[in-house]
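Remarks on the overall topology
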Amino acid sequence: MKNKLLSALFLCCVLFSFSSCSLRIVSVDSLIRAPKLTGVNQQVQQSLDQSVGEDMILKTPLSGEYAAAFVYRDLDNDQNNECIAFYALTSSDTVHMNILDTDQNGSWFSVCDTAGSGSDVSSLTFADVDGNGRDEIIVTWQIPESKNNQYLSVYGGYAPDVGIVSMFSELYTAYHALDVNGDGSDEIFLSVIETSGDSYLAYGRLFAYEEQAARIEMVSEIRLDSTVTSYANICHDYEGALCRIYIDGVVSETHMITEVLEVSSSALLLSAATADGQAVSALTLRSGEHLCRDINNDGYVEIPSYAPLAGGSILDRENGVSESLYLTVWNRYSASRLVPAYQYIENIDFGYRFDIPQDWQQRVTAVKDLKLNRLRFYSLTENGALGHMLFCIDRTAADADPPSEMLSEEDIIYSDSEYIYRALITDEGEAFGLQITDLIQAFTRI
Ligand SMILES: [Ca+2]
Ligand SMILES: [Ca+2]
Ligand SMILES: [Ca+2]
Ligand SMILES: [Ca+2]
């Protein structure tokens, strides 16, 4: 047993001495799960127990990539990982962050201990905020007295003899770290909803590391839409030297808006983007849960919207027209306009989405038949009425007998253990230029 322990210890030392470069890019979860490193966790736990000297409970970040009790990261670029651990004393609510390191014998010891700004760790991430090539630690702290807001803290300057330096701590509602000006160091963007009497005021604030002051300082502030009660998502993209920040704000239980801010890389100044003279937020009010993202993988973020498909309808199980059929349209913001970049029919009832090419606009429409599990596509006549059927997509249970008119394997556009999706292209559909490969390409199982 003792020999086994010794060899495990040796293996861990070897791992940490020679492979910390590769360890840095391995996800922490896989590190924690790796059976060879269980011994390391035990040693860290012992050192932490010793250093704290009281009963405690370990705290795991509640969300994010680093949701583990012990997170290993090389904070000072000496090719050896340090360990970041969070805990609370059983006698107190405050969460502490402890940094542990190894001595020349590979034994873990606690370097420093910092009281955090909350009762739980919401998330832990890393970013090089001051541009010195080393990661800073970004911790978000949950505070029990606030429903909306949390604290964000940045810690940096780790060295085994001095520990870490607290660089920044700010109240926020949502945050996003991004390199606005592409210089290799991350700026921090915070959306903050503040109470003002009975009403709320919302702000977007950009923070950057100021070399001369050696501090993270606010470099720009802008008012945000004050009807927003919380934020669902923040993301960004670049167009040339311009960086755009997309903020999905929740305005009610069912509705969301997107605010778009532009930041020029030279001045780091936030400005609100407008489309056709209006605030983007006024044009992006929608019900539905989709969040801004780069839906078509072209490097630019799109904003979701929903529009009725001209001539489209849904037939309910009694074959009555129950409601309109909607397109999910993803718009790209560019040159002060919102331009449709990608659209599809999201057919949640049947478990797939189907891409609709731009040039089908006002030419093709669809009818969703809930009774037959069928989506039929028609040409649209000039006066907006249904023309000929071009094709249809049927869903049948994988274990059901296929319908007699659609037995050919060539008609299957997708199948899995649950369902088989078949398409039938009519003569008019073929004349329209449709091929089964087009339908396969446009089909995505969801
Ligand atoms: Ca290190
Ligand atoms: Ca740094
Ligand atoms: Ca930067
Ligand atoms: Ca895109």
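Quick notes on the rules
Residues numbered from 1 in each chain as written. Chains lettered and ligands numbered in written order. Predicted model: local features only at pLDDT ≥ 70, side-chain atom pairs only at ≥ 80, totals over all residues. Helix = DSSP H or I, 4+ residues; strand = E, 2+ residues; numbered from the N terminus. Buried ≥ 20, exposed ≤ 12 C-beta atoms within 10 Å, placed from the backbone. Contact = placed C-beta atoms within 7 Å. pLDDT = per-residue confidence, 0-100. Pairing = 2+ DSSP bridges. Axes fitted to C-alpha atoms, helices over the stretch in contact; angles between N-to-C directions.

As for the overall build of the protein
When helices and strands are tallied, the protein shows seven helices and 32 strands. By residue count, 31% of the 446 residues in the protein fall in the buried class. If you take every contact in the protein between residues at least 6 apart in sequence, the share linking residues at least 24 apart comes to 47%.

Observations regarding the confidence of the model for the protein
Chain-level statistics for the protein give a pLDDT mean of 89 and a share of 90% at 70 or above. Across residues 1-37 the pLDDT falls below 50, and counting only partners more than four positions away or on other chains, this stretch makes 31 contacts in the model.

Description of the pairing of strand 29 (residues 386-397)
Looking at chain direction, strand 28 (residues 374-380) and strand 29 are connected through six bridges and run antiparallel. Across the sheet, residue Leu375 finds its bridge partner in strand 29, namely Ile393. Linking two consecutive strands that pair antiparallel, namely strand 28 and strand 29, is a turn of five residues; a positive phi of about 85° is found at Gly384 within it.

Considering unusual backbone geometry
Generally, phi is negative for residues other than glycine and the peptide bonds are trans, each holding for most cases. With a phi close to 50°, Ala335 is a non-glycine residue in the positive phi region. Along the polypeptide, Ala335 turns up in the loop between strand 24 (326-334) and strand 25 (337-347). Among the residues examined, Ala335 registers 8 C-beta atoms within 10 Å and is labelled exposed. For Ser336, which is not glycine, the phi torsion reads 60° and is therefore positive. Relative to the assigned elements, Ser336 resides in the loop between strand 24 and strand 25.

Remarks on the sheet that holds strand 24
If you trace the five strands from one edge of the open sheet to the other, you get 21-24-25-26-32, paired in antiparallel fashion. Across the chains shown, the open sheet's two edge strands, defined by having one partner strand only, are strand 21 (302-308) and strand 32 (443-445). Sheet twist, expressed as the mean angle between neighbouring strand axes with direction ignored, is 30°. In the sheet, strand 24 pairs with strand 25 via seven bridges, with the strands oriented antiparallel. Bridging from a neighbouring strand, Asn331 pairs with Pro340 of strand 25.

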